[in-house]
Amino acid sequence: MTTKQTHSFQTEVSQLLHLMIHSLYSNKEIFLRELISNASDAVDKLKFKSLSDDTLIEGKEALQIHIDVNKDANTITITDNGIGMSEIEVNKNIGTIANSGTKKFLKSLNETQAQDSNLIGQFGVGFYSSFIVADKVEIITRKAGSKSKKGTKWASTGKGKYSIENVDRPDFGTSVILHIKKDEKEFLDDYRLRNIISKYSDHITVPIMMVKTSEDSKDIEYERINKANAFWAQDKQDLKQKDYDEFYKSLTYDFEAPLTQLHNRVEGNIDYTSLLFIPSKSPFDIWEPKRKGGIKLYAKRVFIMEDNEALMPLYLRFIKGVIDSADLPLNLSREILQDNKVVKAIRKASVKRILSVLEKMAKNKPEDYATFWQEFGMLMKEGVVEDTLNKDKIAKLLRFATNKSKNATQTVTLEYYIKNIQKDQKAIYYITAETYETAKGSPHLEKFNQKNIEVLLLSDRVDEWMVSNFREFDGIQLKSIAKGNLEDFDSKEEKKDKEEVAKNFEIVIEKMQKILDSKVKEIKISSRLSESPSCLVADENEMGGNMERIMKSLGQDVPDTKPILEINPTHSLVKKLKTKIDEDLVKVLFDQAVLSEGGQLKDPAEFVKRINKLIN
C-alpha cells in the first residue's frame, strides 16, 4: 500500500473550487443531480464494456446507485458499482482538467451568473459542485477488473490541495462521501433528498436506492426511489411539455428549456425510438474541433455510446437527445457504426425530420425560428454545403441581412429575394466582409443602392466558404459584387457612356498603372461607384480580398494575386488626375480602396503623410 501523497490542484481547479465554496449558492441541490449523473454514466460504461468482457462485473448483475445518509457523522455517500477509476484516472479527472471546461466555465460567468449553480453541468465540472454543500469530500474507488488492493482514496477540503492514497476496496465502483457543512444540514433529511432525486433524476435508467424507512431500525432494507424507466420509451400522449423540458435539462445540464423536441417511434423494416431536442441556446464549445456531440445511442435500452458523427451530420451537432434501436447489436463499435445500414437509415430519417420541423417553425413560429437562427444560423450555412442531399431544403432555411435591412439581424430568405428581384436581374448579388458595418459601407454597393437592387451582406465567418461552394439557388447564380465585370448590370446607354469615358481617361489610366504596377493588375473605369473615388475588385475566378485575409489569419499560404483598381471618373479626386498625375494622390486612391474593403495598409504612416501633403 502506497503512502498518502498530497498534491496541489491545477490553478483553474483552485479558482473553480473557490467559486463553488464562496459564490455559487442559488439552487444548491444541483450537486446531487451532478453526482447521480456521474454515477449513472459510470454504470452505463461498465454495462457496455461487460458486453465483451463479462468478468468485469464479477458476478454482480445488479448495477445500482446507492445513497446513504449518516446524520451522526453529517455525511451523504453516493455509491455506484460502475466502471470505477484507477489512481491515474483519479489524478487526471479530479486533480487536473484535461479539457477547457473549467476555463470556459470561469470565463462565462459574470457577476449575476456567479450566483447560479445551474451552469456547472454544461461545462463538465459537475463533481466540484459537491463543495457547495460539503466542507470535505472523499472519493473511494476501484476500477472494474482490477484487484481489491488496487483501490484509490482521494480527499480534499477544497482549499488548494488534495490527498491521494492506495486502499483496499472489496467492490469495484466509486463512493463519493460528502461531509456536509453545518449550515447545509437540510440535505441530511431523507425526504429532502428523495424530492431532489424525483425532480432531477427520476428518468435515470440505473436504479437509485435508498434505505427504506422501517420501524425496526436494525433492519436495513433498500428500495428503489426512481422510476428507472427510459423516458423516451413512454407514450408521448402521456407526456406534457413540462416533462420534456425537465428531461432535456437533466440530459444536457442546460438551464433553459429547448425550443422544441422531436419524439418518434418508428416500426417496420427498422425499429427504433428517437427523442431529439433543438436547444434554445448554443453550447459554449460549439466551434471547438474536438467538441462532443449530443446524441446518446442505445440498443434495446442498453447504452452503447454517445457523440458519434455517424448518428448526426456535423452541421447538426447542436442537436441533443437519444436514439434507441432494437435492430442494433449490443457489441457495436464506432468502426462498425460508420457502415451500419440501420444507423445510416436512422440518420437519414432523423435529418429529414429535423429539417421539416425547422421549416414548420420558420413558417408557424417565426419568433422561435429567429431565436434558432441567431444561435445556430452559421451551422445551417455549413449544412447547405456539407449536405448535398438536403441542400435545397437547407437553402430555404437560410436567412440574410441585405443592403435594405435596417440592422444586422438576418431575416431575408432567398425565396423572398428572388420574389422581389429586379426585372432584368440575372443574379443573386452578395458581398462578403469581416463585419456587417464594413459590408454595409462598402463602395461596391453604391450603384446597387442607387438602382434599388438588393444585395446580401455576408459577414459571418463561414460565409466565404459557403458562397465558394454554394453557387446557385432556384436556378439563379450567386454573384459577388466585388468580383469580375458587371456587364449585365449596365444598360446599353451606360455601357456606351462608359466606353467613351474610358477613352478620355486612357492616358490617366496608363500613367496610374505605371505608378501602381507592383500593386494592381489593371485599372478600369468603374460601373460600381457613384460616390467613392475608387474600389478594389478581384477577377471572377480569383480569391477576393476578404477571403485572402481569412486564409492569412489561419496561417494558410495565399497565392500572390493583384486586384483590379476601379476608379470613379465623376469624383473630384479622379478628375484632378486629368489635369495632373499626382503620384501621392494615385497612391492615396489605392490605399483608400484597401481600407474601404476592410483591409490593412502595409505602411499606415506613409498614408497619413500623403493625406497631410494633399490637404496642405
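As annotated in an unreviewed UniProt entry, the chain carries the name Chaperone protein HtpG and is attributed to Candidatus Vesicomyosocius endoextente. Quoted straight from UniProt, the Sequence similarities (unreviewed entry) entry for the chain says "Belongs to the heat shock protein 90 family." Of the chain, the UniProt comment under Subunit (unreviewed entry) reads exactly: "Homodimer."

Caption draft 1: Here's a closer look at the overall build of the chain. Along the backbone of the chain there are 21 helices and 22 strands. Buried positions account for 50% of the 616 residues belonging to the chain. The long-range fraction of contacts in the chain, counting pairs at least 24 apart against all pairs at least 6 apart in sequence, stands at 71%. Accessible area of the chain: about 31500 Å², with a carbon and sulfur share of 47%.

Caption draft 2: Up close: the packing of aromatic side chains. This model, assessed by the stated rule, comprises 14 aromatic pairs. Taken together through their ring pairs, the aromatic side chains of Phe231, Trp232, Tyr244, Phe247, Tyr248, Phe277 and Tyr298 make up a single cluster. The aromatic ring of phenylalanine 505 is capped on one face by lysine 578, whose charged end is 5.1 Å from the ring centroid.

Caption draft 3: Layout of the pairing of strand β16 (residues 427-432). Burial within β16 is extensive, with six of its six residues counted as buried. On β16, burial covers both faces: Ala427, Tyr429 and Ile431 on one face and Ile428, Tyr430 and Thr432 on the other are all buried. As paired elements, β16 and strand β19 (residues 476-480) share four bridges and run parallel to each other. Bridge pairing links isoleucine 428 to leucine 478 in β19. Of the strand pairs in this sheet, β16 and strand β17 (residues 456-458) are connected by three bridges, and their pairing is parallel. Counterpart to tyrosine 430 in the pairing with β17 is leucine 456.

Caption draft 4: Layout of unusual backbone geometry. Residue asparagine 74 is not a glycine yet carries a positive backbone phi of 60°. For asparagine 74, the position within the fold is in the loop between β2 (65-70) and β3 (75-80). With a relative accessible area of 22%, asparagine 74 lands in the partly exposed category. Non-glycine residue aspartate 474 carries a positive phi angle of around 55°. Counting through the fold element by element, aspartate 474 comes out in the loop between β18 (472-473) and β19. Using a relative accessible area of 62% as the deciding quantity, one classes aspartate 474 as exposed.

Caption draft 5: A look at a negative patch on the surface. A surface patch of negative charge is lined by Glu359, Asp392, Glu415, Glu472 and Asp474. According to the relative accessible area criterion, glutamate 415 is partly exposed, its value standing at 41%.

Rules of the game
Residues numbered from 1 in each chain as written. Predicted model: local features only at pLDDT ≥ 70, side-chain atom pairs only at ≥ 80, totals over all residues. Heavy atoms only, no water. UniProt positions renumbered as here; feature names shortened; annotations may be inferred. Helix = DSSP H or I, 4+ residues; strand = E, 2+ residues; numbered from the N terminus. Buried < 20%, exposed > 50% of the residue type's maximum accessible area, 1.4 Å probe, protein only. Contact = heavy atoms within 4.5 Å. Areas by Shrake-Rupley, 256 points an atom, 1.4 Å probe, with all protein chains shown as cover. Phe/Tyr/Trp six-rings, centres within 6.5 Å; stacked < 30°, edge-to-face > 60°. Lys NZ or Arg CZ within 6 Å of the ring centre and 35° of its normal. Pairing = 2+ DSSP bridges. Patch = residues over 30% accessible without salt bridge, like charges linked within 9 Å, V, L, I, M, F, W, Y side chains within 5 Å. Salt bridge = Lys/Arg side-chain N within 4 Å of Asp/Glu carboxyl O. Lys, Arg positive; Asp, Glu negative; His and termini not counted. Charge placed at Lys NZ, Arg CZ, Asp CG, Glu CD.

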